[in-house]
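What follows is the residue order along each chain.
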Amino acid sequence: MGFKWMNMLLLCVLFVVGAMAAAPKKPMDVPFGRNYENTWAPDHVKYFNGGSEIQLFLDNRTGTGFQSKGSYLFGHFAMHIKMVAGDSAGTVTAFYLSSQNNEHDEIDFEFLGNKTGEPYVVQTNIYTGGKGDKEQRIYLWFDPTKDYHTYSVLWNLHQIVFFIDEYPIRTFKNSKDLGVKFPFDQPMKIYSSLWEADDWATRGGLEKIDWSNAPFVASYKGFHIDGCEASVNAKYCSNQGTKWWDQKEFQDLDKQQWRLLRRVRDKYTIYNYCTDKKRFATMPKECRRNRDVPRKSSKKSP
C-alpha cells in the first residue's frame, strides 16, 4: 500500500477512534511575548499580528531560537508549527524542554528536514541525568509545511506523552521502580530553534543543506504553557496534585489512545532504540512498560 493510501487510512482510523479517547485540554493560544523571549540572532525572527505569530529564519550566517521566560516542573506545553517547506535537507526545527545543569533532563521533539516530496521525519528523545540514547523516529503521515499542526508534551510524575495534534506518538512511563531514571525534580525551560545540522539530520548526513534555497523559514503560533512554574532550584511542585494534568485520568493512556499509538508505531516508525540490538544487547528495561516493541521493527540506526 502506498504512503498516500496509508495516510488516508490512518487518518480515518484516528478520526473514528480518537473521538472516544480522553485527550489533554485544548491549548490556549497567547502572544509570543507572554511566555517566551528570543535568545539569539534576533534579526532572524519576524513578528506578525501583534506577536501572535512569528517566523524563524535560517541562512548561511545563522539560525535562531527562543526560550520560555519561566521554568516548569510538570505541565502541558504546546506549539503550533508550520515546518520549513521545499528542500529542507540538513535543517532541524527543534521544540524541547531542558533543565539547566550538566546532568540535565530533556524532552525533545526534533523535526528533520528532507528533500522535496519526501515525508518529514520526527525524532523524539528523552534525557535523564544527562544521558539520552532513547531516540525514536517516525515519518509524519501529513505534509507539515502546508498548515499549522500542534506538537505538545504532557509531563507529570507518572508519564511523559508526546502528541501530534490530538494523537499520542510516544509515551515514557515513570519506571524508577525498575531502576530507570525519570525527570521529576529538575525544572525545565521550553526551547525552540531552527538550525543547520547537515552532518546528521537527513539520511545520517548524506543529504547536505542547499544554501541556494535559503532563507529557510519555520512559522509558529500558539505559545501555550500550562505548567507548575518554579525556580530553577526547586525540587518539587507546590501545587502538586491540583492541576488537570496531574489527575488520575492522565496517569496513563486509555485503551483507545494506546491503539492509536500502536498504529502510528506499526505504520510509521523507522527507528526505535528499544529494538536496536547493535546499541543495546539487552532491551532497556523501560521498553516493555512503554509497550515500545513494535510488531514491525526497523533495522535502521539513528
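- Under an unreviewed UniProt entry, the name given to the chain is Xyloglucan endotransglucosylase/hydrolase, and the organism recorded is Nicotiana attenuata.
- UniProt, in its Sequence similarities (unreviewed entry) section for the chain, records the words "Belongs to the glycosyl hydrolase 16 family. XTH group 1 subfamily."

## Here's the deal with the sheet that holds strand β3 (residues 53-58)
Then comes step 1: Spatially, β2-β3-β14-β5-β10-β11-β12 is the arrangement adopted by the 7 strands of the open sheet, whose pairing is antiparallel. A single partner strand is all that each edge strand has here, and the edge strands are β2 (45-48) and β12 (167-173). The mean inter-strand angle of the sheet, taken between neighbouring strand axes irrespective of direction, is 20 degrees.
Then comes step 2: In the sheet, β2 pairs with β3 via 4 bridges, with the strands oriented antiparallel. What sits directly across from phenylalanine 48, in β3, is glutamate 53.
Then comes step 3: Sheet strands touched by helix α3 (residues 255-268): β11 (159-164) and β12. Its angle to β12, the strand with the most contacts, is close to 100 degrees.

## Structural notes on the pairing of β11
Then comes step 1: Burial analysis of β11 places 6 of its 6 residues in the buried class, the great majority of the element.
Then comes step 2: Burial along β11 is two-sided: Gln159, Val161 and Phe163 facing one way and Ile160, Phe162 and Ile164 facing the other are all buried.
Then comes step 3: Both strand β10 (residues 149-155) and β11 contribute to a ladder of 5 bridges, which runs antiparallel. Counted as the bridge partner of tryptophan 155 is isoleucine 160 from β11.
Then comes step 4: Counting the residues in the hairpin turn of β10 and β11 gives 3 residues.
Then comes step 5: Of the strand pairs in this sheet, β11 and β12 are connected by 6 bridges, and their pairing is antiparallel. Paired with valine 161 across the bridge in β12 is threonine 171.
Then comes step 6: Turn length for the β11-β12 hairpin, with the two strands adjacent in sequence and antiparallel, is 2 residues, and the turn residue aspartate 165 shows positive phi of about 55 degrees.

## Here's the deal with the nonpolar core
Then comes step 1: Of all hydrophobic cores here, the largest spans 66 residues; its most connected members are Phe109, Tyr151 and Trp155.
Then comes step 2: Ranked by size, the runner-up nonpolar core spans 7 residues in total, among them Val92, Leu112, Val121 and Ala201.

## Considering the sheet that holds strand β13 (residues 189-196)
Then comes step 1: Reading across from one edge, β1-β4-β13-β6-β7-β8-β9-β15 is the order of the 8 strands in this open sheet, with antiparallel pairing throughout. Here the strands that pair on one side only, and so sit at the sheet edges, are β1 (36-40) and β15 (269-272). Between one strand and the next, the sheet's axes are offset by a mean angle of 15 degrees, whatever the strand orientation.
Then comes step 2: With 4 bridges joining them, β1 and strand β4 (residues 64-68) adopt antiparallel strand pairing. Each residue of the ladder has a partner; that of asparagine 38, found in β4, is phenylalanine 66.
Then comes step 3: With respect to the sheet, α3 is in contact with β9 (136-139) and β15, its orientation differing from that of β15 by roughly 95 degrees.

## Things to note about the side chain of serine 152
Then comes step 1: Locating serine 152 in the fold gives a position in strand β10.
Then comes step 2: Each residue touching serine 152, except ones within four places of it in the same chain, is listed here: His76, Phe77, Ala78, Phe109, Val161, Phe162 and Phe163.

## Looking at the state of the cysteines
Then comes step 1: The full count for this structure, using the stated rule, is 2 disulfides.
Then comes step 2: For cysteine 228, the disulfide goes to cysteine 237, at an S-S distance of 2.2 Å. Looking down the S-S bond of the cysteine 228 and cysteine 237 bridge, the torsion is 115 degrees, so its handedness is right-handed.
Then comes step 3: Classification of cysteine 228 as buried rests on a relative accessible area of 2%.
Then comes step 4: Between the sulfur atoms of cysteine 274 and its disulfide mate cysteine 287 the distance is 2.0 Å. Across the S-S bond of cysteine 274 and cysteine 287 the torsion is about -85 degrees, and the bridge reads as left-handed. On the criterion of sequence distance, the pair formed by cysteine 274 in the loop between β15 and α4 (286-289) and cysteine 287 in helix α4 is long-range, its members being 13 residues apart. No difference in accessibility class separates cysteine 274 from cysteine 287, as the two residues are buried.
Then comes step 5: In the chain, the cysteines engaged in disulfides, taken in order along the sequence, are linked 1-2, 3-4.

Thresholds, definitions, all that
Residues numbered from 1 in each chain as written. Predicted model: local features only at pLDDT ≥ 70, side-chain atom pairs only at ≥ 80, totals over all residues. Heavy atoms only, no water. UniProt positions renumbered as here; feature names shortened; annotations may be inferred. Pairing = 2+ DSSP bridges. Helix = DSSP H or I, 4+ residues; strand = E, 2+ residues; numbered from the N terminus. Axes fitted to C-alpha atoms, helices over the stretch in contact; angles between N-to-C directions. Contact = heavy atoms within 4.5 Å. Buried < 20%, exposed > 50% of the residue type's maximum accessible area, 1.4 Å probe, protein only. Core = buried A, V, L, I, M, F, W, Y, C linked by side-chain atoms within 4.5 Å. Disulfide = S-S within 2.5 Å.

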